[in-house]
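# Observations on the model geometry
Residues per chain, in single letters:
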Amino acid sequence: MIDILNLTYDELEAWMTDALGEPRFRARQVWQWLWQKNARSFDAMTNVSKATRARLAEAARITWPEVRTVKTSSDGTVKFLLALADGALVETVLIPSESREGKVRMTQCLSCQVGCAMGCTFCSTGSMGFERNMTMAEILGQVLVAREHLGDDRPDHPIVRNLVFMGMGEPLLNLNEVMRSLRTLNDEFGLCFSPRRITVSTCGIEKGLRELGESGLAFLAVSLHAPNQELRARIMPRAARWTLDDLMAALESYPLKTRERITFEYLLLGGVNDSIDHARELVRLVSRTKAKLNLIVYNPAEGLPYEAPSQARILAFEQYLWSKNVTAIIRKSKGQDIKAACGQLKASELAESAGTAGTNDPAKDAE
């Protein structure tokens, strides 16, 4: 059976007209039920004829990720551990903020791969290794789950306002499904997200970077985390295979819209990349492009050899950047009490499962 959530609108229309013999307007009705009305079954599509609903049910399925765990932080951050159809586990996070009018708005952090092949030494996901790419249906299923959880059923006044592809996985290593997802997100009759409210984060993959820029479907963020090639190779060994100089050269010619800037993400690791000397190198580096910096304070994870820098070093780092006319914003770490950093909740769940399995296995207990 076809996973109908994994069809773009053009694919859905072609399938419904060719395979089911339906008029084209039926595809638009079904599409809106899937993406705007959060329909989990074809029976819920009340303005679609019963005969069409029956044919759809015989040939297709609507598969949402299963919510395995939901944790809510004291700061309002919500983290979901989701099980995909094959049992694979991924995470998505809702990060709260307030509008000028005092209304709560959410930014959702999306995963695009099960695990990650990049192996960044500060990331819990990187320590798990890579399992597989996620499909468009699995990527966008995270949005559907979050919207249902929030009761977010008004596309004209959404609670989830911004999307960031900054969860598990490297988006440019799953370029085809990420691009299909972006086109569906941009569809005015679907999830209806403006490109300016979507950010795709990459740690620096040459293939696909230009295609993403020329599409105009999302803003770009680059996970930098080091101001020189030597340090980047130490903490991000696989990303650093594309040298920092070559990455920056590519970003110098990256297609940008009017007033658009590249966002550089810089994770402050205590005693590793947070000195004034590092800040000085960083200024020289990012000044090559039209850019702004997000400074992210490290959220400590069990088993990883890093710690958060002191508040004094954080402020000194930020102030130096501003003194050199580099726009830098400290992003407060949220959800520390619910393991909100990338991969932490899944790692915890897997560790607990392994511990339970060991307790039930006499042979392992004996070891």
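No experiment lies behind these values; they were computed from the predicted model shown. Numbers given to residues run from 1 along each chain, matching the order in which its sequence is written. Since the coordinates come from a predicted model, pLDDT governs what is reported: local features require at least 70, and pairs of side-chain atoms require 80 or more to be given and counted, while whole-chain, interface and lining totals use all residues. The basis for every side-chain value is the complete set of non-hydrogen atoms in the structure, without hydrogens or water.

Below, the discussion takes up the overall build of the chain. Elements are defined by DSSP. Helices are runs of H or I of four residues or more, strands are runs of E of two residues or more, and each kind is numbered from the N terminus. Each helix and strand in the chain was counted, giving 13 helices and 14 strands. Once the C-alpha set of the chain is aligned to its principal axes, its extents read approximately 70 × 65 × 40 Å. By the burial criterion, 53% of the 367 residues in the chain qualify as buried. Long-range contacts, defined here as pairs at least 24 residues apart, represent 66% of the contacts in the chain between residues at least 6 apart. When the accessible surface of the chain is summed, it comes to about 16700 Å², and 49% of that surface belongs to carbon and sulfur atoms. We treat Lys and Arg as the positive residues and Asp and Glu as the negative residues; His and chain ends play no part in the count. By convention, charge coordinates are those of NZ in Lys, CZ in Arg, CG in Asp, or CD in Glu. Where the 45 positive side-chain charges of the chain centre and where its 45 negative ones centre are 6 Å apart. Only protein chains enter the accessibility calculation, which uses a 1.4 Å probe; a residue whose area is less than 20% of its type maximum is buried, one above 50% is exposed, and one in between is partly exposed. Residues count as neighbours in contact if any of their non-hydrogen atoms are within 4.5 Å of one another. All accessibility values rest on the Shrake-Rupley procedure with a 1.4 Å probe; residue burial counts only the protein chains present in the view.

We now examine the sheet that holds strand β14 (residues 328-331). Across the sheet, 10 strands lie side by side as β3-β4-β5-β6-β9-β10-β11-β12-β13-β14; this open sheet has mixed pairing. Edge positions in the open sheet fall to β3 (66-72) and β14, since each of these has one partner strand only. Taken over all neighbouring pairs, the strand axes of this sheet differ in orientation by 25° on average, direction set aside. When DSSP finds at least two bridges between two strands, those strands are taken to pair. Summarising the sheet, strand β4 (residues 78-83) and strand β5 (residues 89-98) pair through 6 bridges and their orientation is antiparallel. When the bridges of β5 are listed, V78 appears paired with L94. To define axes, lines are fitted to C-alpha atoms, for helices over the stretch in contact only, and angles between the resulting N-to-C directions are given on a 0 to 180 degree scale.

Another aspect to go through is the nonpolar core. Grouping buried Ala, Val, Leu, Ile, Met, Phe, Trp, Tyr and Cys residues that are joined through side-chain atoms within 4.5 Å yields what is termed a nonpolar core. Membership of the largest hydrophobic core comes to 107 residues, with the highest contact counts inside it found for I4, F122, L182, F264 and L321. If one sorts the elements of this core by residue count, helix α5 (residues 136-150) sits on top with 8 residues. Those residues in contact with L321 that sit more than four places away from it in its chain are A279, L282, V283, L293, L295, V326 and A328.

Below, the discussion takes up the pattern of salt bridges. Each salt bridge in this description consists of a side-chain nitrogen of Lys or Arg and a carboxyl oxygen of Asp or Glu lying within 4 Å of one another. Throughout the structure, instances matching the rule amount to 15 salt bridges. Across the pair R26 and E22 runs a salt bridge, and its minimum N-O distance is 3.9 Å. Its relative accessible area of 6% is what places E22 among the buried residues. Residue E148 is joined to R40 by a salt bridge in which the shortest nitrogen-to-oxygen separation is 3.1 Å. Taken together, the residues E148 in helix α5 and R40 in the loop between α2 (24-35) and α3 (50-59) connect sequence positions 108 residues apart. Since its relative accessible area comes to 41%, E148 is described here as partly exposed. R40 sits in the partly exposed class, given a relative accessible area of 44%. Taken together, the salt bridges that share partners define one network made up of E11, E177 and R180.

What follows deals with the environment of A51. Tracing the sequence through the fold places A51 in helix α3. Distance in space between the C-alpha atoms of A51 and L304 is 56 Å, their sequence separation being 253 residues.

Here, the residues flagged by UniProt with the feature "binding site: [4Fe-4S] cluster" (unreviewed entry) are C116, C120 and C123. Of the residues examined, C116 reaches a relative accessible area of 10% and is grouped as buried. When residues no more than four places from it in sequence are discounted, the contact partners of C116 are T125, G126, G129, F130, G169 and E170. Mapped onto the fold, C123 is located in the loop between β7 (113-115) and α4 (124-128). UniProt positions are given in the numbering used here, feature names are shortened, and annotations may be inferred rather than shown by experiment.

Among all positions in helix α1 (residues 9-18), only Y9, L12, E13, W15 and M16 are buried. Here the buried residues of α1 occupy an arc of 165° about the axis, which is enough to place them on one side. For α1, the exposed residues lying more than 90 degrees away from the buried face are D10 and D18. Each direction from the helix axis to a C-beta atom contributes to the arc, which is the arc of those directions.

As a further point, take the packing of helix α10 (residues 276-286) against helix α11 (residues 311-323). With their axes 9 Å apart at the nearest point, α10 and α11 run at an angle of 30° to one another. Comparing their axes, α11 and α10 come out roughly parallel. Our pair here, α10 against α11, has a crossing hand that is right-handed. In contact with I276, H278, A279, R280, L282 and V283 of α10, α11 contributes A316, F317, Y320 and L321. Taken together, the residues of the contact of α10 with α11 break down into 8 nonpolar, 1 polar and 1 charged. Relative orientations are named as follows: roughly parallel for angles under 35 degrees, roughly antiparallel for angles over 145 degrees, roughly perpendicular for angles from 65 to 115 degrees, and oblique for any other angle. By the definition used in this description, the sense in which the near helix is turned from the far one sets the handedness, with an anticlockwise turn below a right angle giving left-handed and a clockwise turn giving right-handed. Polarity classes work like this: nonpolar for Ala, Val, Leu, Ile, Met, Phe, Trp, Tyr, Cys and Pro, charged for Asp, Glu, Lys and Arg, and polar for all others, with Gly in that last group.

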